[in-house]
Protein chains: 2
Amino acid sequence: MTSLKQMDRAELQMFYEAALKEYESCKAKGLKLDMSRGKPSRAQVALSNDMLNIDVVSNAVTDGIDAFNYGGLDGLPICRRFFADTLGVKPEQVFVGGNASLQLMYDTIAKAYTHGLLHSEKPWSKLDKIKWLCPAPGYDRHFKVTQAFGMELITVPMNDDGPDMDMVEEVVKDPAVKGMWCVPKYSNPDGIVYSDEVIDRIAHLKPAAADFLLMWDNAYCIHEFDGEFRPFRDILTLCSEAGNPDMVFEFASTSKITFPGSGVACFACSKANMAYMKKLISAQTISFDKINQLRHALFLKDRATALVHMKKHAEFLKPKFDIVLEYLEREIKPLDIGRWHTPKGGYFVSFFTIPGCAKRTNQLAKEAGVVMTAAGATYPYGIDPEDSNLRIAPSYPPVEELKEAMSVFCTCVKLAAAEKLLAEK
Amino acid sequence: MTSLKQMDRAELQMFYEAALKEYESCKAKGLKLDMSRGKPSRAQVALSNDMLNIDVVSNAVTDGIDAFNYGGLDGLPICRRFFADTLGVKPEQVFVGGNASLQLMYDTIAKAYTHGLLHSEKPWSKLDKIKWLCPAPGYDRHFKVTQAFGMELITVPMNDDGPDMDMVEEVVKDPAVKGMWCVPKYSNPDGIVYSDEVIDRIAHLKPAAADFLLMWDNAYCIHEFDGEFRPFRDILTLCSEAGNPDMVFEFASTSKITFPGSGVACFACSKANMAYMKKLISAQTISFDKINQLRHALFLKDRATALVHMKKHAEFLKPKFDIVLEYLEREIKPLDIGRWHTPKGGYFVSFFTIPGCAKRTNQLAKEAGVVMTAAGATYPYGIDPEDSNLRIAPSYPPVEELKEAMSVFCTCVKLAAAEKLLAEK
């Protein structure tokens, strides 16, 4: 097949008509497929059903704390140890919360607004203007948290090794820049693992704001689906060694290890941040759900045990990512109308259409019954300046449905590209 | 026995010496007893262990929603129906959250600060001064939430039928007064049930602040330990009929029905408030722990089923409250050095020493190994103007320990009163 851009008008017109015909026949099938969110499939979720049979009653008291009664604001020690081992931090650096890391992230920023952080002069609500760094493509829900607080979101381009650090280092000289979102391992949606150099530069940042907040969302810390566990560096230690001990909060959860939305989430931070946050959180709650913490700690035990469990998830995920990549290699690559990353972990494939085609591709897919994350969602304010990025989430649909969805998707990519190139001829 | 106040100095001196001797012998026992927090006992908590064996896997999908995956921000419909039936409101008025109603309360006020409420002109963080009504004696954690946000707390005296409404109606004419804490049924710590008249007057309040927030913590809605369930009026309907539909948020949880700290909490509010809050909360989280919601809904089913369960709790609680009241009747009443309420539900007995003796009584008890809630904790800023109120929480200790603790407590009340009266002679 010829690259679409090299076709003459007549060839392109023929290609367009073929693509349109293919699309109409997709549409006629009346499909209803969903590749919109990074949800584990039902079969994956069932992998953790045994956790519900764990005898929490006989094990109610661990480290002298009764999981079945009030108390223990920072979480059960046995669960703090599990997260510490998994993240490579110290147990006393871990605060185990409720069912969602997103909520812990939101609350951290909310507390910056209502009370200020450890090194804040005053609560952020008293400031006129707050700016926030958003490496993009990125996670739409991250961006929405900071947008919900009225911050000005600054897009930082993602390179193959992480955020554009030249830009970050420059921008943090502005004292109104108060923080940055990071998904350092298998970034959402690109699946990029930040390089050691990028991580070092992040740890060594010299922000003008004394209360600059590095939001380190290690959402996919042990979430390889292709190959072995890839070790990662402890950002708390790196920041501490760089003279920025209180700059970072790290987040993680078991939502994609056990049950989505019914797992256990945590944050990890410096000793000084922990004391400060515990004081603030002590006005908010007595304790989080320690029975669920206990259940998780007894089931997952430590990183090694959790990694064995993650291999079972990988058996479901790998074939699905293979399908996505096979379709893209076969249908899109020869036409040179898209590029993508090939992740080894996480939940997404980040696909880039030729500029100006993401929205149209998305709309075509939707009309043919394939729901995807909205085009633009991976950028601040939902605006992709290139109108190019689309997030493919292959985990939830069964294999046969995924194949159908990818077939429709590739047809839509072709049709949208042909429309665009024809219009430009 | 003679009333202590009627004794002459010699009699009082003799009484004092006897009390001191009794106290020293208590102290010599080296006790370690806890009547500080309203925690259900281990035996009570075990009443709900069967809930952990409920087959949530086979029942994962209810009303078309999979409890085992993301989604369902406002909670599982089956769980919303349980709370609606229990509180006497409509399911669509109920938002089911995580494990703690305190956190939902804190978050409601936090959102008033960061974003403002439905009828706020601007976020409360932009206001110079906010005042808040605190009926007292009241719940220390309520007061601490509003204190944590820097509000000026205004003490409202509690009468036998609820807060002093003459004062409340007057004070809400100040537009800086933004809200009020209420525990309408078996108030913490007095165990008072607000009268119909008081509730009507609350619903008909005409606050100057358009965004006045009535925090209706129905913590003990079905928590009778003595006698049958006492129906209560639906504050949402009452406020709506009084022209204040958006003034109130009602809160409840299963912390003292199933597992303390691992239950399910909810708020209930008007349709307009629900839409507004859901929009704000959608930036904060995808969903709360729906598996725990499912487990609770299948176990508790509806109010009638939950009330059968509450009867089992009552079997543990009633004898403990009887012990407290027996000791007070026998040891304190004849001396006329204290008064108290006789609740039929809730978790506390509110005890009033003669003025100026609460702190001293508390300190004496502590030194004799009996931990109680700090004196003053039931008042804003921890300051009881009369230094008189002490909260007795009899639920946690086993019966034999409770008897010992009450024996020590009564001795301390006597000694502190004798000291005080002697000093005044």
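These lines cover the structure that appears in this document, whether it is placed above or below. None of these values were measured; they are calculated from a predicted model. (Residues numbered from 1 in each chain as written. Chains lettered and ligands numbered in written order. Predicted model: local features only at pLDDT ≥ 70, side-chain atom pairs only at ≥ 80, totals over all residues. Heavy atoms only, no water.)

Concerning the overall build of chain A
Alright, step 1. Looking only at helices and strands, chain A has 13 helices and 15 strands in total.
Alright, step 2. What you see for chain A is a C-alpha radius of gyration of 23 Å, in line with the 22 Å of a compact globule of 425 residues.
Alright, step 3. Each principal axis of the C-alpha distribution contributes one length, and for chain A these read about 75 × 50 × 30 Å.
Alright, step 4. Residues counted as buried form 63% of the 425 residues belonging to chain A.
Alright, step 5. For chain A, the proportion of contacts with a sequence separation of at least 24, taken over those separated by at least 6, is 76%.
Alright, step 6. Total accessible area on chain A stands at roughly 15600 Å², and carbon and sulfur atoms take up 52% of it. (Helix = DSSP H or I, 4+ residues; strand = E, 2+ residues; numbered from the N terminus. Rg over C-alpha atoms; globule rule 2.2 N^0.38 Å. Buried < 20%, exposed > 50% of the residue type's maximum accessible area, 1.4 Å probe, protein only. Contact = heavy atoms within 4.5 Å. Areas by Shrake-Rupley, 256 points an atom, 1.4 Å probe, with all protein chains shown as cover.)

Some details on unusual backbone geometry
Alright, step 1. Cis rather than trans, the peptide bond between Asn188(A) and Pro189(A) has omega equal to 5°.
Alright, step 2. Of note, Pro189(A) is situated in the loop between strand S8 (177-182) and helix H7 (196-203).
Alright, step 3. Of note, the bond from Ala136(B) into Pro137(B) is cis; its omega dihedral lies within 30 degrees of zero at 5°.
Alright, step 4. At Tyr381(B), a position not held by glycine, the phi torsion is positive, near 60°.

Quick word on the packing of helix H11 (residues 303-332) of chain B against helix H13 (residues 399-424) of chain B
Residue and element names in this part refer to chain B.
Alright, step 1. One can describe the packing of H11 onto H13 by two numbers: an axis separation of 10 Å at closest approach and a directional angle of 30°. When the axes of H11 and H13 are compared, the pair comes out roughly parallel. The crossing of H11 and H13 is right-handed. Between H11 and H13, the residues in contact are Lys 320, Ile 323, Val 324, Tyr 327, Leu 328, Glu 331 and Ile 332 and Val 399, Leu 402, Lys 403, Met 406, Ser 407, Phe 409, Cys 410, Val 413 and Lys 414, respectively.
Alright, step 2. Among the residues making up the contact of H11 with H13, the classes are represented as 11 nonpolar, 1 polar and 4 charged. (Axes fitted to C-alpha atoms, helices over the stretch in contact; angles between N-to-C directions. Parallel < 35°, antiparallel > 145°, perpendicular 65-115°, else oblique. Left-handed = near helix turned anticlockwise from the far one by under 90°. Nonpolar A, V, L, I, M, F, W, Y, C, P; charged D, E, K, R; others polar.)

Regarding the interface of chain B and chain A
Alright, step 1. If you look at the interface, chain B gives 55 residues, while chain A gives 55 residues.
Alright, step 2. Taken over both partners, the interface formed by chain B and chain A buries close to 4200 Å², and the fraction arising from carbon and sulfur atoms is 51%.
Alright, step 3. Linking chain B with chain A are 2 salt bridges.
Alright, step 4. A salt bridge links Arg42(A) to Asp66(B), with the nearest nitrogen and oxygen atoms 3.6 Å apart.
Alright, step 5. At the boundary of chain B and chain A, one finds 18 residue pairs in polar contact (both at pLDDT 80 or more).
Alright, step 6. Elements that contribute at least two residues to the side of chain B that touches chain A include exactly helix H2 (42-46), helix H4 (101-114), helix H5 (140-148) and helix H10 (290-300) of chain B.
Alright, step 7. Looking at the side of chain B that touches chain A element by element, the count peaks at 8 residues for H4(B).
Alright, step 8. Classifying every residue of the side of chain B that touches chain A gives 27 nonpolar, 16 polar and 12 charged. (Buried area = accessible area lost by both parts, 1.4 Å probe. Salt bridge = Lys/Arg side-chain N within 4 Å of Asp/Glu carboxyl O. Polar contact = N/O pair within 3.5 Å; in protein donor to acceptor, adjacent residues only side chain to side chain.)

Some points on the pattern of salt bridges
Alright, step 1. Throughout the structure, instances matching the rule amount to 48 salt bridges over all chains.
Alright, step 2. Between Asp74(A) and Lys278(A) there is a salt bridge whose closest N-O contact spans 2.6 Å. Taken as a pair, Asp74(A) in the loop between strand S3 (65-66) and helix H3 (77-87) and Lys278(A) in helix H9 (residues 271-281) lie far apart in primary sequence, 204 residues in all.
Alright, step 3. Overall, the relative accessible area of 28% leaves Lys278(A) in the partly exposed class.
Alright, step 4. Notably, a salt bridge pairs Lys173(B) with Glu170(B), separated by 3.1 Å at the nearest N-O pair.
Alright, step 5. Lys173(B) sits in the exposed class, given a relative accessible area of 54%.

Digging into helix H10 (residues 290-300) of chain A
Quick reminder: α-helices carry 3.6 residues per turn. Residues three or four places apart thus point the same way.
Alright, step 1. The buried count for H10(A) comes to 10 of 11 residues, which makes it a mostly enclosed element.
Alright, step 2. Three or more residues of H10(A) are buried, namely Lys290(A), Ile291(A), Asn292(A), Gln293(A), Leu294(A), Arg295(A), His296(A), Ala297(A), Phe299(A) and Leu300(A).
Alright, step 3. Check the buried side of H10(A) and you find it contacts strand S2 (61-62), S3, H3, strand S4 (94-96) and helix H11 (303-332) of chain A together with H10 of chain B.
Alright, step 4. If you check the start of H10(A), you find a side-chain oxygen 3.1 Å away from the backbone N of Ile291(A), and it comes from Asp289(A).

Topic: the sheet that holds strand S12 (residues 338-340) of chain A
Paired through backbone hydrogen bonds, the strands of a sheet run either parallel or antiparallel to each other.
Residue and element names in this part refer to chain A.
Alright, step 1. Spatial strand order, S12-S13-S15: 3 strands in an open sheet with antiparallel pairing. Of all strands in the sheet, those with a lone pairing partner are S12 and strand S15 (389-392), marking the two edges. Looking at each pair of strands side by side, their axes are set apart by 25° on average, direction ignored.
Alright, step 2. With 3 bridges joining them, S12 and strand S13 (residues 349-353) adopt antiparallel strand pairing. Each residue of the ladder has a partner; that of Trp 340, found in S13, is Phe 351.
Alright, step 3. Along the sheet, helix H12 (residues 358-367) makes contact with S13 and S15, crossing S15 at roughly 40°. (Pairing = 2+ DSSP bridges.)

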